[in-house]
Every structure is written in C-alpha cells, then in structure tokens.
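Chain and residue survey
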Amino acid sequence: MNENKIKHLEFIQAVITRMAQNSFFLKGWSVTILVGIFAFANVSEMDSRYLIVAYIPVVFFWFLDGFFLWQEKLYRKLYDRVRGREEEAIDYNMNAYVCKDEVKSWLKVTFSTTLSLFYIPLLVVILLAMLIFPS
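Throughout what follows, the structure given in this document is the object of discussion. Owing to the predicted nature of the structure, the values given are computational and were not obtained by experimental measurement.

A look at the environment of Ile16
On the secondary structure map, Ile16 appears in helix α1 (residues 3-39). On the basis of relative accessible area, Ile16 is assigned to the buried category, the value being 6%. In this structure, the C-alpha to C-alpha distance between Ile16 and Asp80, residues 64 residues apart in sequence, is 12 Å. When residues no more than four places from it in sequence are discounted, the contact partners of Ile16 are Glu72, Tyr75, Arg76 and Tyr79.

Right, here's the structure in full:
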C-alpha cells in the first residue's frame, strides 16, 4: 500500500478515535453531573421542582453525544471511501460531509438504540427522584 494512502487513513482514524473519546467523556460527565446534583441536594428539604434542572445537562449531553456519534459515522464512511481508492487518487481530503447521504441523520443517530439505552435511564432516575421527593 502506498505511503500517502496509509497516512491519509491514519489521519481519518485519528479523528474517529477522537470522536469516540469525546462520546465516552460526555457519558462520564453526564453521570457525574447528575450524581453531583443529587449529592448536593438537601434531601430533608428537597423540592422536586429544583430537580428539573438535572434534565438540562442530561439532554444537552445526549444531543452532543449524538452529534459526535454522527460525526464518527461520517468519518468511518470516509475511511471506507479512501480505503477503496486508487493510490493516485489520494488527496488528503478530510471533508466527511461528502458521505452524509450514506449515514442516518443527526437526529436519528441521537435517538438510536445505543444512545437511548444510556440516556433514557438517566432521565427516568430524575423522574423517579421527582416522584419520591414531591414539593
């Protein structure tokens, strides 16, 4: 395999790895913030209306995680395209949006099974806390 093709694939793989790492960090931060909100809540005088604030970071991180997963899927498609190219056609193009017709939309990826199975239980925990500690 040509050195140019290998280097281009390494560049794309580095982006894929960074997107996966960002997704991992977002999941960790969403759990950490949720636990922090519950830990600092005054249970004896807790008002369930204040727990609504916990929805904000979870939903925000869910959509951001969906964006990073969507980007990762785009770069995986770009990787496949570059892998199949002739060595003379390597141009080091990193524009993954040329593959957007081959990947589900950002919202469909955001509400995919993999992300929903992580973020919906967090939302349910907040709801249960609101029901357990009514105002």
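From this point, the discussion proceeds with the structure in view.
Observations concerning the packing of helix α2 (residues 55-84) against helix α4 (residues 113-132)
Running from N to C, α2 and α4 point in directions that differ by 180°, and their axes come no closer than 10 Å. Taken together, α2 and α4 sit at an angle that is classed as roughly antiparallel. Where α2 approaches α4, its residues Tyr55, Val58, Val59, Phe61, Trp62, Asp65, Gly66 and Leu69 are matched on the opposing element by Thr114, Leu115, Ser116, Tyr119, Ile120, Leu122, Leu123, Ile126, Leu127 and Met130. Here the residues of the contact of α2 with α4 sort into 14 nonpolar, three polar and one charged.

Things to note about α4
What sets the pattern is the α-helix's 3.6 residues per turn: residues three or four places apart point alike. In this model, α4 (20 residues) spans 28 Å end to end at C-alpha, consistent with the 28 Å of a helix rising 1.5 Å per residue. Those residues of α4 not exposed but buried are Leu115, Ser116, Tyr119, Leu122, Leu123, Ile126, Ala129 and Met130. Residues of α4 that are buried in the fold lie against α1, α2 and α3 (106-110).

A closer look at the packing of aromatic side chains
Enumeration according to the criterion identifies 11 aromatic pairs in this entry. Seen from their ring centres, Trp62 and Tyr119 are 5.7 Å apart, and the 10° between their planes marks the pair as stacked. Note that Trp62 is positioned in helix α2 and Tyr119 in helix α4, a separation of 57 residues in sequence. Accessibility expressed as a relative area gives 0% for Tyr119, which makes it buried. Between Phe63 and Phe111 the ring centres are 5.7 Å apart and the planes differ by 85°, which places this aromatic pair in the edge-to-face class. Taken together, the positions of Phe63 in helix α2 and Phe111 in the loop between α3 and α4 put the pair 48 residues apart, joining distant regions of the chain. With a relative accessible area of 26%, Phe63 lands in the partly exposed category. Put simply, the rings of Trp62, Phe63, Trp106, Phe111, Phe118 and Tyr119 touch in pairs and so form one group of aromatic residues.

Cut-offs applied
- Residues numbered from 1 in each chain as written.
- Predicted model: local features only at pLDDT ≥ 70, side-chain atom pairs only at ≥ 80, totals over all residues.
- Heavy atoms only, no water.
- Helix = DSSP H or I, 4+ residues; strand = E, 2+ residues; numbered from the N terminus.
- Buried < 20%, exposed > 50% of the residue type's maximum accessible area, 1.4 Å probe, protein only.
- Contact = heavy atoms within 4.5 Å.
- Axes fitted to C-alpha atoms, helices over the stretch in contact; angles between N-to-C directions.
- Parallel < 35°, antiparallel > 145°, perpendicular 65-115°, else oblique.
- Nonpolar A, V, L, I, M, F, W, Y, C, P; charged D, E, K, R; others polar.
- Expected span 1.5 Å × (residues − 1).
- Phe/Tyr/Trp six-rings, centres within 6.5 Å; stacked < 30°, edge-to-face > 60°.

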